[in-house]
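# Architecture at a glance
In case you want the letters, here they are:
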Protein chains: 2
Amino acid sequence: MTAVANAAGAPARLSLNQWTTRRWSVPEAVDGCARHGLEAIGLWREPVAEHGLAATAKLVRDAGLRVSSLCRGGFLTAGDQAALDDNRRAIDETAELSAAALVLVVGGLPGVVPGEGPRAGFSRDLAEARERVAEALAVLAPYAGERGVRLALEPLHPMYCADRAVLSTLAQALDLADPHPTEQVGVVVDTFHVWWDPEVFRQIARAGGPDGGRIASYQVCDFLAPLPADVLLGRGMMGDGVIDFAPLTAAVAAAGYTGDIEVEIFNADVWAADPDQVVTTMKQRYLDLIA
Amino acid sequence: MTAVANAAGAPARLSLNQWTTRRWSVPEAVDGCARHGLEAIGLWREPVAEHGLAATAKLVRDAGLRVSSLCRGGFLTAGDQAALDDNRRAIDETAELSAAALVLVVGGLPGVVPGEGPRAGFSRDLAEARERVAEALAVLAPYAGERGVRLALEPLHPMYCADRAVLSTLAQALDLADPHPTEQVGVVVDTFHVWWDPEVFRQIARAGGPDGGRIASYQVCDFLAPLPADVLLGRGMMGDGVIDFAPLTAAVAAAGYTGDIEVEIFNADVWAADPDQVVTTMKQRYLDLIA
């Protein structure tokens, strides 16, 4: 077990996913982590590109921050070359940032636009979409391996199956990872996405191994009930929803995972709040419910 | 295989779940089925109680309609006596209506109100809620068996796990049914709830057997993308969403199920439309996509 608190008195493994404090730019988020004593940050490609990749890499290095993950690659279900190219770029960025993993949100049914719905000529062939992901992974995993990058397959809650991820369970993610070396392909355990799954404890145990086995990232946030009108924003601060974090966190620890624990919240109220207050609350809730 | 069309030229196995034409009272829905040549109807307890149980039983019998299911019992996760009593009443009603099955929506986390959220003192213990369902089933299955009633466990989409059903997958429903005789406890296969599940075809096959094995009901409707603000109303007319019905229907047929196929749609636009038009559309879409 690692210590709960670091020298700055903050939780040692707690990582701020920058989307939680979305109003902060990359420099503001890095500064926020430093001021709050956090040791790790989860970055997103768009704000990183805005600040500049090399500049961001230098900034986090100089601040002594670990990059717990880069979000995100994926959207691989259409079997198009452009998506592969974009994922190769994302892998290169992950390497440059020395991020622990590149999170892959694999994509929904081809032609179903996230949050908008089906375009004319969209596909209902779920099995084929899933097959496309496996094929893309066979191309991308070796590319990632050559650059020392680990891909992290993220099963998303089944309510996003149509438009964001045909990868819906941890079992399915582990099946998809199976043909590839553990250091090339891992999985994300995100409490919001997996808490309901009757198989979750069995699959977390299956994922386990030295250095956490296949578990490349553990992300925490709560599941709000009722869900808001935009279901993408149903993620809440730990304690504000219905998830019992203790058994999930214990299972992830028992599986050997000792990496950073990222808090990633998509929530209109959290985004509207003062980011410093959000981080303060996040630290307290982390200590109360996760650490 | 049964014939696709009946003597009235309507689909032989198509059943109108009365919630699809919610504005119709029981007599109006029975009359609608007769006028449209349908042979079966799925009833709900509240409108049945409004019209009177004995009167409804006589009405459907006189109309020559099969009652494909009664909705619904369940809400068994709190382990309270009142819920058991209510389910016994629902079983008695199912017997009186000669319905093929009593659909059980097992309930969410105790204290989480459907569509509203957690009350003070609610429980986050998902494992315990699931255990309560198994315990209640051990009480109710023999009671149902004595009355010739079949309970139909309905796995609901995981987005309803917190507030409506901690039963989220077909595998879990079949595990729960396993200890009980097939004629006492079956499962509902509802396309909306199960279409995303990577295990769905394996589990439908597992459910199969003589007379459909554990499959007590096959319900069809589409999954809308994006979901509406109230996710309960995300069910659409077949063809209006993202589900590929052919492989699911083929799997259910291969599992030996030859019973009625119910169309149950919760959808503000469908409810606002002329019920006769809804039934006309339903028949056409059924012929195009299901039969």
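Report on the accompanying structure. Predicted, not measured: the structure shown is a model, and the values here were computed from it.

Each value, and the rule that gives it
Residues numbered from 1 in each chain as written. Chains lettered and ligands numbered in written order. Predicted model: local features only at pLDDT ≥ 70, side-chain atom pairs only at ≥ 80, totals over all residues. Heavy atoms only, no water. Helix = DSSP H or I, 4+ residues; strand = E, 2+ residues; numbered from the N terminus. Buried < 20%, exposed > 50% of the residue type's maximum accessible area, 1.4 Å probe, protein only. Polar contact = N/O pair within 3.5 Å; in protein donor to acceptor, adjacent residues only side chain to side chain. Contact = heavy atoms within 4.5 Å. Pairing = 2+ DSSP bridges. Axes fitted to C-alpha atoms, helices over the stretch in contact; angles between N-to-C directions. Least-squares fit on C-alpha atoms with pLDDT ≥ 70 in both. Phe/Tyr/Trp six-rings, centres within 6.5 Å; stacked < 30°, edge-to-face > 60°. Lys NZ or Arg CZ within 6 Å of the ring centre and 35° of its normal. Arc of directions from axis to C-beta.

## Focus on the side chain of Asp190(A)
All names here are of chain A. With respect to the element layout, Asp190 can be found in strand β8 (residues 185–190). Taking relative accessible area as the criterion, Asp190 reaches 1% and is therefore assigned buried. At 2.9 Å, the side chain of Asp190 and the backbone nitrogen of Phe192 are in polar contact. Dropping the residues within four chain positions of it, Asp190 is found in contact with Glu154, Gln219, Arg235 and Glu264.

## Some thoughts on the sheet that holds β8(A)
By way of backbone hydrogen bonds, the strands of a sheet pair with one another, either parallel or antiparallel. Residues and elements named next belong to chain A. Around the barrel, eight strands lie side by side as β1-β2-β3-β4-β7-β8-β9-β12; this closed barrel has parallel pairing. The average undirected angle you get between the axes of adjacent strands in this sheet is 30°. Of the pairings in the sheet, the one linking strand β1 (residues 14–17) to strand β12 (residues 261–263) comprises three bridges and is parallel in character. Bridge pairing links Ser15 to Glu262 in β12.

## Describing the relation of the copies chain B and chain A
Note on the copies: chain B fits chain A at an RMSD of 0.0 Å, the axial shift is 0.0 Å, and the rotation between them is 180°. Such a combination of rotation and displacement between the chain copies is what one expects of a two-fold axis. For chain B, the minimum C-alpha distance to the rotation axis belongs to Ala229(B) and amounts to 1.9 Å. A shared binding surface is used by both copies, with 100% of the interface residues of chain B retained as interface residues in chain A.

## A few points about the packing of aromatic side chains
In this structure the tally under the stated criterion is 13 aromatic pairs over all chains. Relative to Phe266(B), the ring of Trp44(B) lies with its centre 5.9 Å away and its plane at 55°, an arrangement referred to as tilted. Placement of the pair is Trp44(B) in strand β2 (residues 40–44) and Phe266(B) in the loop between β12 (261–263) and α10 (268–272), with a sequence separation of 222 residues. Among the aromatic residues, ring-to-ring pairing joins Trp19(A), Trp44(A), Phe266(A) and Trp271(A) into one connected group. Positioned above the aromatic ring of Trp271(A), the side-chain terminus of Arg22(A) is 4.4 Å from the ring centre. When the ring centre of Tyr143(B) is taken as reference, the NZ or CZ atom of Arg88(B) above it lies at 6.0 Å.

## As for helix α9 (residues 245–254) of chain A
Residue and element names in this part refer to chain A. Of the residues making up α9, those classed as buried are Phe245, Leu248, Thr249, Ala251 and Val252. Along α9, the residues classed as buried sweep out an arc of 160° about the axis, all on the same side. Just beyond α9, the residue with positive phi is Gly256, at close to 100°.

## Let's talk about the sheet that holds strand β4 (residues 102–105) of chain B
Residues and elements named next belong to chain B. Overall, parallel pairing links the eight strands, which are arranged β1-β2-β3-β4-β7-β8-β9-β12 in a closed barrel. Strand-to-strand twist of the sheet, defined as the mean angle between neighbouring strand axes without regard to direction, takes the value 30°. Each of β4, β7 (151–153) and β8 (185–190) touches helix α5 (residues 126–146); the most contacted strand, β7, lies at about 145° to it.

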